[in-house]
Amino acid sequence: MIIAVAVNPRASFGRGRHAGNEAAAYFRSAGADVRVLCEDSYDALARAVDKALAAGIDALVVVGGDGMVHLGVNALAGSGLPFGTVPLGIVPAGTGNDMARALGVPAHNVPGACAAVLAALASGGRLIDAGRASSPGTSRWFAGVVSAGFDAAVNERANAWRWPRGKARYYLAMLRELASFRAIDYTVTADGESWQQRAMLISVANGQYIGGGMKITPQAMLDDGRLDLFIVGPLSRLALLRVFPKVFSGGHLGHSAVHIRCVRKVELSADAVVAYADGERIGPLPLTIEVVPGAVRVLA
């Protein structure tokens, strides 16, 4: 069995390389032929993964955070191979690990995650949906959530900082962004129905989590053939600050400004809004976002 292990050496501020070596050793001890893919840049690693897929592998295992899951989903869903031909395993070694959380894969536990991968290989794993976010001239796949609003602006700010490390950087960026953030005027089309929406943020979710455990869409399922459209209407800064921490427990549900509806296709448009998918920058609106059922087989 040939397993390609793609490693983000910068995941969790340098600990990803060690986790990658540990995962490779674990799979080799189980008798697998392991091809370790480790590059200094995200783009170079994506090219290495594409090359490995073209050469032929039995499974792709990504070591890192949600950005690595994003890389793996784009490589597999966009490979031209029939969906589910090559399964995706996850060894969570990043900061957020939201897709691993949604799939029940233990984070920062390399032996536990690797054991889960091998057990799922034996059983065949499970098919999950993926989302596809398209704009003129480009298309990106995502496993978890597309964010376009306050949460994406926080990501944009946090990614520009080198300090502090870990989740504290996200929380500080959130407070800094809050000082100047204003509600956004969106045009939304969901399954053919269009309306104007003033909101603090709009997300389109396949999974439940963003931001390292924020449970924005608790009822979302990875294999139901639908996405969850999550809207937070206009709020004062103080009200938004009060609501945001409740997202970790799902306590935001029931708030008058929070709205969730199940959709299959969403078109979002707004001025000067940058969207993120799985925590990775994908570019400005407008975007067309749709679900593709059973697009990825995961080893979980």
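That block above? That's the structure.
The numbering scheme is per chain: residues are counted from 1 as the chain's sequence reads. Two thresholds apply to this predicted model, a pLDDT of at least 70 for residue-level local features and 80 or more for giving and counting side-chain atom pairs, whereas whole-chain, interface and lining totals are computed over all residues. Side-chain metrics in this entry use all non-hydrogen atoms of the structure; hydrogen atoms and water are not considered.

What follows concerns the environment of Met99. Assignment of secondary structure puts Met99 in helix α4 (residues 98-103). Each residue is assigned to one of three classes by its accessible area relative to the maximum for its type, calculated with a 1.4 Å probe on protein chains only: buried under 20%, partly exposed between the two thresholds, exposed over 50%. For Met99, a relative accessible area of 4% translates into the label buried. Along the backbone, Met99 and Ala143 are 44 residues apart, and their C-alpha atoms lie at a distance of 7.3 Å. Only heavy atoms enter the contact rule, under which two residues are in contact if any of them lie within 4.5 Å. Leave out the neighbours within four places in its chain, and Met99 touches Asp66, Val69, Ile128, Ala143, Gly144 and Leu222. Strands are runs of DSSP state E lasting at least 2 residues, helices are runs of H or I lasting at least 4, and numbering of each runs from the N terminus.

Paired strands, as defined in this entry, are two strands with at least two bridges between them according to DSSP. Here strand β8 (residues 184-190) runs beside strand β9 (residues 193-199); their pairing, made up of seven bridges, is antiparallel. By the bridge assignment, Thr189 is partnered in β9 with Ser194. Hairpin remark: β8 followed by β9, antiparallel, with two residues in the connecting loop; positive phi at Asp191, about 50 degrees.

By convention in these notes, a salt bridge is any Lys or Arg side-chain nitrogen within 4 Å of a carboxyl oxygen on Asp or Glu. Counted under the stated rule, the structure contains nine salt bridges. One salt bridge in this structure joins Arg281 and Glu156, with 3.0 Å as the shortest N-O distance. One end of the pair, Arg281, is in strand β17 (residues 280-284); the other, Glu156, is in helix α6 (residues 150-159), and 125 residues separate them in sequence. Overall, Arg281 belongs to the partly exposed group, its relative accessible area being 44%. Relative accessible area serves as the criterion here: at 30%, Glu156 is assigned to the partly exposed category. Between Glu177 and Arg157 there is a salt bridge; the shortest N-O distance is 2.8 Å. Placement of the pair is Glu177 in helix α7 (residues 167-178) and Arg157 in helix α6, with a sequence separation of 20 residues.

Worth remembering: the numbers are spatial, not functional.
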